[in-house]
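A look at the structure
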Amino acid sequence: MSARISPSVLSADLGCLREQVERAIAGGAEWIHVDVMDGHFVPNLSFGAPMIRALRRITDRPLDVHLMVERPEHYIEEYADEGATVFTFHPEATVHVQRQLAAVRERGMRAGLALNPATPLAFIEEVVPDLDLVLIMSVNPGYGGQAYLPGATDKIRRVRALLDRHRSPAALEVDGGIGPETIADAWNAGADTFVAGTAVFGEPDPAAAVRDLLRRCAVPV
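Every value quoted in this text rests on a predicted model; they were computed, and no experiment measured them. (Residues numbered from 1 in each chain as written. Predicted model: local features only at pLDDT ≥ 70, side-chain atom pairs only at ≥ 80, totals over all residues. Heavy atoms only, no water.)

**Some words on the overall build of the protein**
Inclusion rule: The helix count covers DSSP runs of H or I at least four residues long, the strand count covers runs of E at least two residues long, and both are numbered beginning at the N terminus. Every radius of gyration here is taken over C-alpha atoms, with the globule rule written as 2.2 Å times N^0.38, N being the number of residues. Per-residue accessibility, obtained with a 1.4 Å probe over protein chains only, is compared with the maximum for each type, and a residue is labelled buried under 20%, exposed over 50%, and partly exposed between these values. Note on contacts: a residue pair qualifies if any of its non-hydrogen atoms lie within 4.5 Å across the two residues. Exposure was quantified through the Shrake-Rupley algorithm and a 1.4 Å probe, taking into account, for residues, occlusion by the shown protein chains and nothing else. All tallies of charge rest on Lys and Arg as positive and Asp and Glu as negative; His and the ends of each chain are not included. Charge positions come from single atoms, namely NZ of Lys, CZ of Arg, CG of Asp or CD of Glu.
The helix and strand tally for the protein stands at nine helices and eight strands. Whereas a compact globule of 221 residues would reach a radius of gyration of roughly 17 Å, the protein reaches 16 Å, a difference of no more than 12%. Overall size of the protein, expressed as C-alpha extent along the three principal axes, is 45 × 35 × 30 Å. Scored against the burial criterion, the 221 residues of the protein give a buried share of 58%. A sequence separation of at least 24 residues applies to 64% of the contacts in the protein between residues at least 6 apart. Accessible surface, the protein as shown: approximately 9400 Å² in total, 48% of it carbon and sulfur. The centroid of the 21 positive side-chain charges in the protein is displaced by 4 Å from the centroid of its 30 negative side-chain charges.

Okay, here's the thing in structure tokens:
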């Protein structure tokens, strides 16, 4: 298993988005993370299809889209058409979770579920075979730059054990407060994919920031 960095453009300088994304990729970032918020499921508004379209013009790297929205099924067709690679949503935001996971896969995207800090593992236990990714929120979602919640580390361990029991190849991603001081704990607990916003795009050189995060997971770049 190797570490994967998915820098979040929520923290990027949109005035020089191409440059920042290209620098992050030069440092070893494999995915680019897009946070979609509707102001209802979380208390903030952010990107949608236009950002996915813009990023697809910049890079052919996987676009890791995290929907913090109500009724995520309304966006499956549009986001697939715009070039999203991973489509992750929250199980509390829809009624028929397995149906939506299947619809995501049918459109050629990878299907993911996100667990908020207070969301129990029971929300994913019955659909592990339908998952390509599990996203552990290590902050309460809605805003960038928050501090990593220590309880997330144990939750990562428990999700890793669940995926291993099912022999699931699903990625285990962590989002929230990931930086030089926290990434090793999440990696050692079993995560393999790390969303980093401020820790990458808040630094003078996004490439160097990504390399530093990978080094802390003992991954050569």
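From this point, the narrative continues.
**What about the sheet that holds strand β6 (residues 133–137)?**
Filter applied, for reference: The pairing criterion for strands is at least two bridges between them, as found by DSSP. A fitted line through C-alpha atoms represents every axis, and for helices the fit uses only the stretch in contact; the resulting angles, taken between N-to-C directions, go from 0 to 180 degrees.
An order of β1-β8-β7-β6-β5-β4-β3-β2 is seen for the eight strands of this open sheet, with the pairing classed as parallel. Only two strands of the sheet have a single partner each, and these edge strands are β1 (4–7) and β2 (32–37). Going across the sheet, the axis of each strand differs from the next one's by a mean of 25 degrees, ignoring polarity. Bridge count for β6 against strand β7 (residues 171–175) is five bridges, and the pairing is parallel. Residue pairing across strands places Ile136 opposite Val174, the latter belonging to β7.

Take it as geometry only, folks, not as evidence of what the structure does.
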